[in-house]
Amino acid sequence: MRKNIVAGNWKMNNDLAQTEALITDLKRQTQTSNAEVMIAPAFTNLWQAFQTLKDDTIEVISQNMHFAENGAYTGEVSASMLKSIGITTVILGHSERRAYYNETDASLAKKVDAALANDMRIIFCFGEELADRKAGKQEAVVENQIKNALFHLDASAFKHIVLAYEPVWAIGTGETASPEQAQDMHAFIRKTLENKYGHTIADDMTILYGGSVKPGNAKEIFGKPDVDGGLIGGAALKAEDFYAIVDAF
Ligand code: PGA
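Residues numbered from 1 in each chain as written. Predicted model: local features only at pLDDT ≥ 70, side-chain atom pairs only at ≥ 80, totals over all residues. Heavy atoms only, no water.

Side note on helix 2 (residues 43–53)
Turning to helix 2, its buried residues are Asn45, Leu46, Ala49 and Leu53. Down the axis, helix 2 shows its buried residues gathered within 125 degrees of arc, on one side only. (Buried < 20%, exposed > 50% of the residue type's maximum accessible area, 1.4 Å probe, protein only. Helix = DSSP H or I, 4+ residues; strand = E, 2+ residues; numbered from the N terminus. Arc of directions from axis to C-beta.)

Here it is as structure tokens:
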């Protein structure tokens, strides 16, 4: 089923005390939206965040995981480790992971398989760079990212996957895709899924937009028919702004 989701990606921000303070602020706000709300704190704070929010509607999710179950991968965290502390949703393929840690479609396909094998839900991110858009190649780039990392899956896997279109040129730059640009790409993504898996899977897919979503532009972006929510970076670090975005639904 298609859902409305607003997920806050905290990236490498907030130590333990700051994590607790932000969660306290979030719990103080009254939420009037019917969107599912998620936050992704750093690995070191996931356990504490999960404990604090386990009876709350806010879901605590992970920013990343490794594809292996365990082994000699210094500094990495596996799906089963996340599951063991209660985390059942993971963000995969964020453009910062692709750009700074050489994550490729092929390595992401392995992470997708590992997450699914562990019954985790995936928020799968992708999006074109500015040069791609300037060259008019944004659809081809996005189509390849989706095909290469996801199209080996059976149709049944897609109920565990949420897609997040994040044009790289709009992340952390203050530059947002216009609501029309977001809608056009989301419709294209849905069509790409439909061509491979049929209408029902495509229609049921939750597709989030990410890239400089703020209280001031959320309503217009989320108002587009193929935009089902947002993955929020900078504006997720202030409870007031985050909830203003959540309440845009
Ligand atoms: P931003 O980040 O909202 O700060 O642009 C979005 C993201 O990276 O998910």
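Let us keep going from here.
Comments concerning the nonpolar core
Judged by nonpolar contacts, the single largest core of 67 residues is most densely connected at Phe124, Leu150 and Leu163. Setting aside its immediate chain neighbours within four residues, Phe124 contacts Leu92, Arg98, Leu108, Val112, Gln145, Ala149, Leu150, Ile161, Val162, Leu163 and Ala164. In terms of nonpolar packing, the next biggest core, distinct from the first, is built from 12 residues, Ile5, Ala7, Met38 and Ile123 among them. (Core = buried A, V, L, I, M, F, W, Y, C linked by side-chain atoms within 4.5 Å. Contact = heavy atoms within 4.5 Å.)

Comments concerning the sheet that holds strand 1 (residues 5–9)
Overall, parallel pairing links the 8 strands, which are arranged 3-2-1-8-7-6-5-4 in an open sheet. Two strands close off the open sheet at either side, each with one partner strand: strand 3 (59–60) and strand 4 (89–92). Here strand 6 (residues 161–165) pairs with strand 7 (residues 207–210) via 3 bridges, running parallel. Bridging from a neighbouring strand, Ala164 pairs with Leu208 of strand 7. Helix 7 (residues 138–150) rests against strand 5 (121–126) and strand 6 of the sheet, and its axis sits at about 145 degrees to strand 5. (Pairing = 2+ DSSP bridges. Axes fitted to C-alpha atoms, helices over the stretch in contact; angles between N-to-C directions.)

Here's the deal with the environment of Pro167
Tracing the backbone through its elements, the reader meets Pro167 in the loop between strand 6 and helix 8 (179–197). Sequence separation of Pro167 and Glu129 is 38 residues, and the distance between their C-alpha atoms is 6.3 Å. When sequence neighbours within four positions are dropped, the list of residues in contact with Pro167 reads Gly127, Glu128, Ala177, Tyr209 and Gly210.

Examining the site of the ligand
The local shell around the ligand holds 13 residues, among which Lys11, His94, Glu166, Gly172 and Ser212 are the closest. Take Ser212: an N or O atom from its main chain is 2.7 Å from an oxygen atom of the ligand. Contacts to the ligand include Gly233, whose backbone N or O atom sits 2.9 Å from an oxygen atom. In isolation the ligand exposes 280 Å². Once the protein is present, 95% of that is buried. (Near = heavy atom within 4 Å. Polar contact = N/O pair within 3.5 Å; in protein donor to acceptor, adjacent residues only side chain to side chain. Areas by Shrake-Rupley, 256 points an atom, 1.4 Å probe, with all protein chains shown as cover.)

Some points on the side chain of Arg121
Inspection of the secondary structure puts Arg121 in strand 5. In this structure the side chain of Arg121 is engaged in a polar contact, spanning 3.1 Å, whose partner is the side chain of Glu36. Excluding residues that lie within four positions of it along the chain, Arg121 makes contacts with Lys3, Ile5, Glu36, Met38, Glu59, Thr88, Thr89, Val90, His160 and Val162.

Some remarks on unusual backbone geometry
For Asn14, which is not glycine, the phi torsion reads 80 degrees and is therefore positive. Tracing the backbone shows Asn14 in the loop between strand 1 and helix 1 (16–28). A positive phi angle is found at Asp119, which is not glycine, with a value near 55 degrees. Within the secondary structure layout, Asp119 lies in the loop between helix 5 (105–117) and strand 5. Its relative accessible area of 60% is what places Asp119 among the exposed residues.

Let's talk about the pattern of salt bridges
Applying the stated criterion across every chain, the model contains 17 salt bridges. A salt bridge links Lys147 to Glu143; its shortest N-O distance comes to 3.1 Å. Residue Lys147 and its partner Glu143 are both found in helix 7; the two are separated by 4 residues, about one turn of the helix. Taking relative accessible area as the criterion, Lys147 reaches 37% and is therefore assigned partly exposed. Glu143 gets classed as partly exposed once you look at its relative accessible area, which sits at 24%. (Salt bridge = Lys/Arg side-chain N within 4 Å of Asp/Glu carboxyl O.)

On their own, these measurements won't tell you what the molecule is for.
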